[in-house]
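Results of the structural survey
Spelled out from the first residue to the last, the chains are:
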Amino acid sequence: MVDSNGKVGACACRDFDASSDLILGRVQGEPLEQIWRGDVLARLRKQWRARNAVPQICQSCRHYLY
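As a convention, each chain's residues are numbered from 1 in the sequence order in which they are written. With pLDDT at 70 or above as the cut-off, local features in this predicted model cover only qualifying residues; side-chain atom pairs require 80 or more to be listed or tallied, and sums for whole chains, interfaces and linings still use all residues. Excluding hydrogens and water, the side-chain figures rest on all heavy atoms present in the structure.

Let's talk about the nonpolar core
- In this description, a nonpolar core means a group of buried Ala, Val, Leu, Ile, Met, Phe, Trp, Tyr and Cys residues linked to one another through side-chain atoms lying within 4.5 Å. When a residue's accessible area, from a 1.4 Å probe over protein chains only, is under 20% of the maximum for its type it is buried; when over 50% it is exposed; and in between it is partly exposed. Ranked by size, the top nonpolar core spans 8 residues in total: Val-8, Leu-22, Leu-24, Ile-35, Leu-41, Leu-44, Val-54 and Cys-58.
- Note on contacts: a residue pair qualifies if any of its non-hydrogen atoms lie within 4.5 Å across the two residues. Those residues within four positions of Leu-44 in sequence are excluded, and the remaining contacts are Asp-21, Leu-22, Leu-24 and Pro-55.

Given below as structure tokens:
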């Protein structure tokens, strides 16, 4: 998701104001491909896979049973 202010988020499901741990970067500062392959999303993926640790905002998402 790319918010109107340029913030790039990993999910648009719950982060309506683009202020959660799911914000990966800003399109004004780096290319989308770099954001997608960047450290923030890599860390989120690793935590999710290794420890089933999801950000707080995801814990009440209806699309994921935490």
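Some thoughts on helix α2 (residues 39–51)
- Under the scheme used here, helices are H or I runs from DSSP no shorter than 4 residues and strands are E runs no shorter than 2 residues, and both carry numbers assigned from the N terminus. How far a helix is expected to stretch is found by multiplying one less than its residue total by 1.5 Å. Between its first and last C-alpha, α2 extends 18 Å over 13 residues, near the 18 Å set by a 1.5 Å rise per residue.
- Once α2 finishes, Asn-52 follows within two positions and takes phi at roughly 55 degrees, a positive value.

Remarks on the layout of surface pockets
- Roughly 280 Å³ of internal volume is contained in the largest pocket.
- Along the walls of the largest pocket sit 15 residues, with Ala-10, Cys-11, Leu-22, Trp-48 and Cys-58 positioned nearest its centre.
- When residues are sorted by character, Ala, Val, Leu, Ile, Met, Phe, Trp, Tyr, Cys and Pro go into the nonpolar class, Asp, Glu, Lys and Arg into the charged class, and all the rest, Gly among them, into the polar class. Among the residues making up the lining of the largest pocket, the classes are represented as 12 nonpolar, 1 polar and 2 charged. Lining residues are defined by having an atom within 4 Å of a point belonging to a cavity or pocket. Those points lie on a 1 Å grid over the protein atoms alone, cavities being sets where a 1.4 Å probe fits but cannot get out and pockets being open sets with protein on both sides within 12 Å along at least five of seven lines. Grid points are joined across faces, edges and corners, and a volume is the space filled by probe spheres set on the points.

Observations regarding the environment of Val-27
- Structurally, the position occupied by Val-27 is in the loop between β2 (23–26) and α1 (32–36).
- Along the primary structure Val-27 and Lys-7 are separated by 20 residues, whereas in three dimensions their C-alpha atoms are 6.5 Å apart.
- Excluding residues within four positions of it along the chain, Val-27 makes contact with Val-2, Gly-6, Val-8, Leu-32 and Ile-35.

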